[in-house]
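One-letter residues, chain by chain:
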Amino acid sequence: MEIKSSYYAIIPAIVRYNENIPPNAKLLYGEITALCNKKGYCYASNKYFAKLYSVSNNTVSNWVSSLVSEGFIRIFVNQEDGNQRKIWLSSKEFPVEGLQENLDTSPKKPVQNNTKNNTINITLIHTMWNDKFKGTNVPTIISINGNRKTHLMKRFKENKWTIEDWGTYLNKIKKSKFLMGEETSWSVTFDWVINPTNMTKILEGNYEKENKQPTKPKLHFSEFKLDATGNARMGYCTKCNTSDFYDQFKIAGEDSRCCNADLTPNRR
Ligand SMILES: [Zn+2]
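Cut-offs used in this document
- Residues numbered from 1 in each chain as written.
- Predicted model: local features only at pLDDT ≥ 70, side-chain atom pairs only at ≥ 80, totals over all residues.
- Pairing = 2+ DSSP bridges.
- Helix = DSSP H or I, 4+ residues; strand = E, 2+ residues; numbered from the N terminus.
- Buried ≥ 20, exposed ≤ 12 C-beta atoms within 10 Å, placed from the backbone.
- Axes fitted to C-alpha atoms, helices over the stretch in contact; angles between N-to-C directions.
- Parallel < 35°, antiparallel > 145°, perpendicular 65-115°, else oblique.
- Left-handed = near helix turned anticlockwise from the far one by under 90°.
- Contact = placed C-beta atoms within 7 Å.
- Nonpolar A, V, L, I, M, F, W, Y, C, P; charged D, E, K, R; others polar.
- Expected span 1.5 Å × (residues − 1).

(A) Quick peek at the sheet that holds strand S2 (residues 73-78). Ordered by their spatial adjacency, 3 strands build an open sheet running S1-S3-S2, and the pairing between neighbours is antiparallel. Taken across any chain shown, the strands that pair with only one partner, and hence form the sheet edges, are strand S1 (41-42) and S2. Where S2 lies against strand S3 (residues 84-89), 6 bridges are found, and the strand directions are antiparallel. Bridge pairing in S3 links Arg74 to Trp88.

Take a look at the structure:
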C-alpha cells in the first residue's frame with residue numbers, strides 16, 4: 001500500500017488539545033481522517049503508518065492504542081476476512097455518542113474526561129451485526145432506535161462493554177450452530193440477543209456445548225483394511241454402506257465422500 005493520502009487531514013479540537021495522548025498520535029489521527037472513506041473507516045495497517053512516518057510498528061501501535069483508549073477511533077478486526085483491520089473514525093458524520101458534543105467544544109472550554117465509558121457507537125454496532133450475519137439464517141437489521149436502542153445501551157452500560165466486547169459477543173453467537181439456526185428452524189434475532197436473560201446465557205456459554213459432537217469410540221486407522229498399493233485404506237459409509245478408499249493414516253477421522261457420514265472398517 002503506497003498511497004500517501006492527498007486529502008486534507010482533520011484534527012478536531014478535542015483531539016488536538018487532549019493531554020493524554022502523544023502529539024504524534026494526534027498527527028496519526030489526522031492521517032486516519034484523510035484515509036477514511038465516506039463511511040468513516042479505513043483499512044491501513046500499523047506497518048503502513050510506520051513506513052509513512054519512519055517509525056517502528058510498536059510506536060504506531062502505541063499511538064493507535066492511545067487513540068482507541070480516548071475513544072477517538074475504533075478498531076474492528078474481521079476474522080473471516082484474513083484478520084483485516086478496520087479503523088473507524090468517531091467523527092461528526094459517525095458520531096460516538098457523548099463525544100459528539102465534545103468535538104464541537106472550543107479549546108477554551110474544559111474537555112470532558114469521561115467520554116470513554118459513555119461512548120456507544122450505534123452506527124458501528126449496526127454495521128458489525130450486519131457484516132457478521134450477512135448470508136446466514138440470522139436476520140440483518142435495518143435500524144437501531146426506540147426500544148431496541150434503549151435495551152442495547154442498557155446492556156452496554158451493565159456490562160461496561162466496549163465495541164470490542166460487542167465484536168466478541170457476536171463471534172460467540174456465530175460459533176453456536178443452535179443460535180445460528182443450523183440445527184433447527186429457529187435462529188437468534190438482534191432483539192433476542194440483547195434481551196438480558198438471553199445475553200447472560202450466551203455469555204455463560206450455555207449454547208456452546210451443543211456444538212460438541214456426542215463422543216463416540218474412536219477407531220484407529222489400522223482397523224481399516226489396507227488396499228493393494230499399501231497407500232490407502234478402505235472404509236464403508238455408515239449411512240449408505242458404499243465403500244471407498246481414503247488416506248491410510250487419516251481414515252479414522254474422515255467423513256465418507258458420499259454422505260459426509262462416519263466411516264467404518266466393515267460393511268454393515
Ligand atoms: Zn454414503
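Once the structure has been displayed, the description carries forward.
(B) Up close: the environment of Lys175. In this fold, Lys175 is placed in helix H9 (residues 163-175). The class for Lys175 is partly exposed, based on 13 C-beta atoms found within 10 Å. C-alpha of Lys175 to C-alpha of Glu208: the two residues are 33 residues apart in sequence and 7.3 Å apart in space.

(C) Molecular detail of the environment of Ser90. The topology assignment puts Ser90 in the loop between S3 and helix H5 (99-104). The sequence separation of Ser90 and Leu124 amounts to 34 residues, and the corresponding C-alpha distance is 9.7 Å.

(D) Up close: the packing of helix H7 (residues 122-133) against H9. Remark: H7 packs on H9, axes separated minimally by 11 Å, with the N-to-C direction vectors making an angle of 25 degrees. Between H7 and H9, the angle falls in the class roughly parallel. As for the relative orientation of H7 and H9, their crossing is right-handed in sense. Residue-level contacts link Leu124, Ile125, Met128, Trp129 and Lys132 of H7 to Ile163, Trp166, Gly167, Leu170 and Lys174 of H9. For the contact of H7 with H9, a count of residues per class yields 7 nonpolar, 1 polar and 2 charged.

(E) Summary view of the pairing of S3. When S1 meets S3, the two strands line up antiparallel, connected through 2 bridges. Its bridge partner lying in S3, Cys42 is registered against Ile87.

(F) Molecular detail of helix H4 (residues 57-69). The end-to-end C-alpha distance of H4 is 18 Å, a good match for the 18 Å that 13 residues give at a rise of 1.5 Å each. The elements touched by buried residues of H4 are helix H2 (23-35), helix H3 (46-53) and S2.

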